[in-house]
Amino acid sequence: MPHAELETDQGNSDRENARLRALASTGILDTEPEPIFDAITRLAAQYFRADTVLLGFADESRVWIKSYWGEPVRELPRKGSIFEMVLAQGGPVVVPDLSLRPEIRERDLPLRRLNPASFASVPVCSPDRRILGMLTVFARQPRRTMTLDELRMLESLADMAAEQVELHRLRRHCRCHASRSQRPRKNPPGGWLREPELRRALDQGQFVLYYQPEIDLVTRRIAGLEALIRWVHPERGVIAPMDFIPLAEQSGLILPIGDWGLAEACAQIQRWRAEDPRHGSLRVCVNLSALQFSREGLTDHIGALLRQTGISSRQLGLEMTESSLTPDPDTASEVLGALRRLGVSLLMDDFGTGYSSLHHLHAFPFDILKIDRSFVGRMAQGDQPLQIVRTIIELARVLGMDVVAEGIETREQYALLRKLGCRLGQGFLFAPPLPAERMTELLRLPGRVLPDPAPSELPCD
Ligand code: C2E
Ligand code: MG
Ligand code: MG
């Protein structure tokens, strides 16, 4: 064998070993199903009208399917698989008409078993761009080739899966670390996260807002969006808010980060309205932390932002938890009153987890209650959580407030909430938080109506 070829083989096996190490460190293989991964495959199926969608990760010998939509597939041999094509290509593989590529159909098991006419597959990568797996959509019809927008949508769903895989890795890493040190960790991603890192992230524009739809549970129309911050770290990939908001709060950096978030959400509202004036009816809600809320001049700051961006106050919502209002309820009540006079919507977040006091509900002029997802998650499991959800919905009705159920993950929860008369909801069943460009695509759906995640055999009324 010529010398150069030997070196190439060596390079390939080094790369493969590094890839396998990256995969093993995530702890994602042979794990239980998870709603977020199912939401990703379902969203891909809905968006691409695909018959089957597979999200899989490949070790030495097999492609292990973390989530499927359509045809049930759990595991596939790796040899000759679509994954190998994605790996060899180092990027997306799109085959719009398999009848023109018989050699592909012959070698791959799902292609023989699912008998699709076309497929498109994109890699799911680690933060250092190692290909861990792939997201593939299969259709029984040949299709015209994918547009750039469609390919980007598929890639951003794969990125979302990658983000969740990274969270797995971080949590796993935390658990190992915590059991070694026998101490609870305040700062889960590790000791690396310090105030200067956060400050640099802000200066270098590493924060982004994702958006999750709040939908009308009867019409499935997108009624509003919740803005949820993410930190896109140059080496560590996408970092979830729970991993850096606590430090931002302790250090006071939540104030400039929060200002950035408010300004960015308003700018995005403006962009969406410019694209389509009908989006003027869309409300975007921003989370406020306790420190932001208790800061003097909040109302003036928001008033100025609305004037500068020219958006209507009806388009902005502010989410707060009950606990951020309780240290000084009198001042809180005044501030909320002033914000309400400004015309912005006020949402009480995570209702049911704090004091959940009736007195507060009377004293604080909230427009909307958001039922914490822990109740929604347990609702189908027993009478008590179901009763709590029923009571919160009833309470809101009596007080003239609207209700949003958070964290709807299953069709059963969806059906139960509709039966209980809950008007609004958000959750992975409909859509996970998405980057602005991807949300723009969902907003373009006719009437802003999302596809039905509950088939007709599960009656909702
Ligand atoms: P939150 O305001 O209660 O946001 C809802 C959280 O639930 C989000 O997590 C969202 O991704 C997650 N979620 C939505 N649907 C489902 C579902 O069906 N199942 C499950 N298991 N989870 C679902 P995320 O984005 O990680 O945010 C966590 C928290 O971080 C937020 O909770 C909020 O308190 C805080 N946060 C996010 N963005 C900001 C921000 O810009 N400023 C401040 N101060 N806090 C923020
Ligand atoms: Mg919230
Ligand atoms: Mg919440």
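Residues numbered from 1 in each chain as written. Chains lettered and ligands numbered in written order. Predicted model: local features only at pLDDT ≥ 70, side-chain atom pairs only at ≥ 80, totals over all residues. Heavy atoms only, no water.

Visitor: Looking at this model, I keep getting lost on the overall build of the chain. Mind explaining?
Guide: Broken down by element type, the chain carries 17 helices and 16 strands. The dimensions of the chain, computed from C-alpha atoms along their principal axes, are 80 × 50 × 45 Å. Put simply, the chain has 461 residues, and 52% of those count as buried. Sequence-distant contacts in the chain: of pairs separated by 6 or more residues, those separated by 24 or more amount to 66%. Counting only carbon and sulfur atoms, one obtains 51% of the accessible surface of the chain, whose full area is about 21400 Å². (Helix = DSSP H or I, 4+ residues; strand = E, 2+ residues; numbered from the N terminus. Buried < 20%, exposed > 50% of the residue type's maximum accessible area, 1.4 Å probe, protein only. Contact = heavy atoms within 4.5 Å. Areas by Shrake-Rupley, 256 points an atom, 1.4 Å probe, with all protein chains shown as cover.)

Visitor: Before we go on, may I ask you to explain the layout of surface pockets in this structure?
Guide: With a probe scaled to a water molecule rolled over the atoms, the places where space remains empty come into view. Of the pockets and cavities examined, the second largest pocket occupies roughly 400 Å³. Forming the walls of the second largest pocket are 18 residues, and the residues nearest its centre are Pro 33, Asp 38, Lys 66, Ser 67 and Tyr 68. If you list the elements that add at least two residues to the lining of the second largest pocket, you get α2 (35–48) and β2 (62–69). Looking at the lining of the second largest pocket, the element that brings in the most residues is β2, giving 6 residues. Counting only domains with at least three residues in the lining of the second largest pocket, you end up with domain 1 (12–169) and domain 2 (197–448). (1 Å grid on protein atoms, 1.4 Å probe; cavity = no way out; pocket = protein on both sides within 12 Å on 5 of 7 lines; lining within 4 Å. Points joined across faces, edges and corners; volume = space filled by probe spheres on them. Domains from an automatic or database assignment.)

Visitor: Before we go on, may I ask you to explain the coordination of the magnesium ion (ligand 3) in this structure?
Guide: Each donor-metal-donor angle would ideally measure 109.5 degrees in four-coordinate tetrahedral geometry, or 90 or 180 degrees in six-coordinate octahedral geometry. Here the magnesium ion (ligand 3) is held by Asp 349 (OD), Asp 350 (OD) and Glu 406 (OE), and the distances to it run 2.0 to 2.3 Å. Of note, the magnesium ion (ligand 3) draws all its donor residues from one chain, in the sequence arrangement D-D-x55-E. The distance between the magnesium ion (ligand 3) and the magnesium ion (ligand 2) comes to 3.9 Å, and Asp 349 binds to both of them. The exposure class assigned to Asp 349 is buried, which follows from its relative accessible area of 8%. Residue class for Asp 350 comes out partly exposed when judged on its relative accessible area of 25%. (Donors = N, O, S within 2.8 Å, 3.2 Å for Na, K, Ca; no water.)

Visitor: Whenever I open this one, the coordination of the magnesium ion (ligand 2) confuses me. Can you help?
Guide: Taken together, Glu 226 (OE), Asn 287 (OD1), Glu 319 (OE) and Asp 349 (OD) make up the full set of protein donors to the magnesium ion (ligand 2), lying 2.0 to 2.3 Å away. Within one chain, the residues serving as donors to the magnesium ion (ligand 2) are arranged as E-x60-N-x31-E-x29-D.

Visitor: Looking at this structure, how should I read the pattern of salt bridges?
Guide: Once their charged atoms are close, side chains differing in charge can pair, the charge on each being opposite to the other. If you walk through the whole model with that rule in mind, you get 27 salt bridges. Its salt-bridge partner being Asp 367, residue Arg 340 comes within 2.9 Å of it at the nearest N-O pair. A residue pair is termed long-range when its members are at least 10 positions apart, and Arg 340 in helix α12 (residues 329–342) and Asp 367 in the loop between α13 (358–363) and β13 (368–371) qualify at 27 residues. Here Glu 441 and Arg 438 are joined by a salt bridge, their closest N and O atoms 2.9 Å apart. Of the two residues, Glu 441 and Arg 438 both sit in helix α17 (residues 436–443), 3 residues apart, roughly one turn of that helix. Residues Glu 441 and Arg 438 agree in their burial class; the two are buried. (Salt bridge = Lys/Arg side-chain N within 4 Å of Asp/Glu carboxyl O.)

Visitor: Teacher, can you tell me more about the domain arrangement of the chain here?
Guide: Interface size is commonly expressed as the accessible area that is lost once the parts come together. Taken domain by domain, the chain holds domain 1 (12–169) and domain 2 (197–448). Relative placement of domain 1 and domain 2: their C-alpha centres are 32 Å apart. Contact with domain 1, which involves 15 residues of that partner, is made by 19 residues of domain 2. Together domain 1 and domain 2 conceal approximately 1500 Å² of surface at their shared face, both sides included; 61% is due to carbon and sulfur atoms. (Buried area = accessible area lost by both parts, 1.4 Å probe.)

Visitor: Just checking my understanding: could you explain the sheet that holds strand β4 (residues 93–95) for this structure?
Guide: Strands belonging to one sheet form pairs held by backbone hydrogen bonds; the direction of such a pair is parallel or antiparallel. What the 6 strands build is an open sheet, ordered β3-β2-β1-β6-β5-β4; its pairing is antiparallel. Both outer strands of the open sheet, β3 (75–77) and β4, are each paired with one neighbouring strand and no more. The sheet shows a mean angle of 25° between the axes of neighbouring strands, taken without regard to direction. As defined by bridge partners, strand β5 (residues 118–125) adjoins strand β6 (residues 131–139) across 8 bridges and the pair is classed as antiparallel. Opposite Val 124, over in β6, you have Gly 133 as the bridge partner. (Pairing = 2+ DSSP bridges. Axes fitted to C-alpha atoms, helices over the stretch in contact; angles between N-to-C directions.)

Visitor: So what exactly am I meant to see when it comes to empty space enclosed by the protein here?
Guide: Summed over the entire model, instances satisfying the criterion amount to 2 cavities of 30 Å³ or more. Size it by volume and the largest cavity reaches roughly 70 Å³. In this structure, the largest cavity is lined by 14 residues; those nearest its centre are Ser 118, Phe 119, Val 137, Ala 139 and Arg 143. Contributing elements (two or more residues each) for the lining of the largest cavity: β4, β5 and β6. Split by residue class, the lining of the largest cavity holds 11 nonpolar, 1 polar and 2 charged. For the second largest cavity, the calculated volume is near 40 Å³. Along its surface, the second largest cavity is lined by Leu 54, Leu 76, Ser 81, Ile 82, Phe 83, Asp 108, Pro 110 and Met 134. Broken down by class, the residue content of the lining of the second largest cavity amounts to 6 nonpolar, 1 polar and 1 charged. (Nonpolar A, V, L, I, M, F, W, Y, C, P; charged D, E, K, R; others polar.)

Visitor: Is there a simple way to explain the confidence of the model for the chain in this structure?
Guide: Low-pLDDT portions of the prediction should not be read for the details of their coordinates. Here the chain averages 87 in pLDDT, while 91% of its residues score no lower than 70. Counted against residues more than four places away or in other chains, residues 178–186, with its pLDDT under 50, gives 6 contacts. Note that pLDDT drops below 50 for residues 456–461; the model gives that stretch 8 contacts with residues more than four away or on any other chain. (pLDDT = per-residue confidence, 0-100.)

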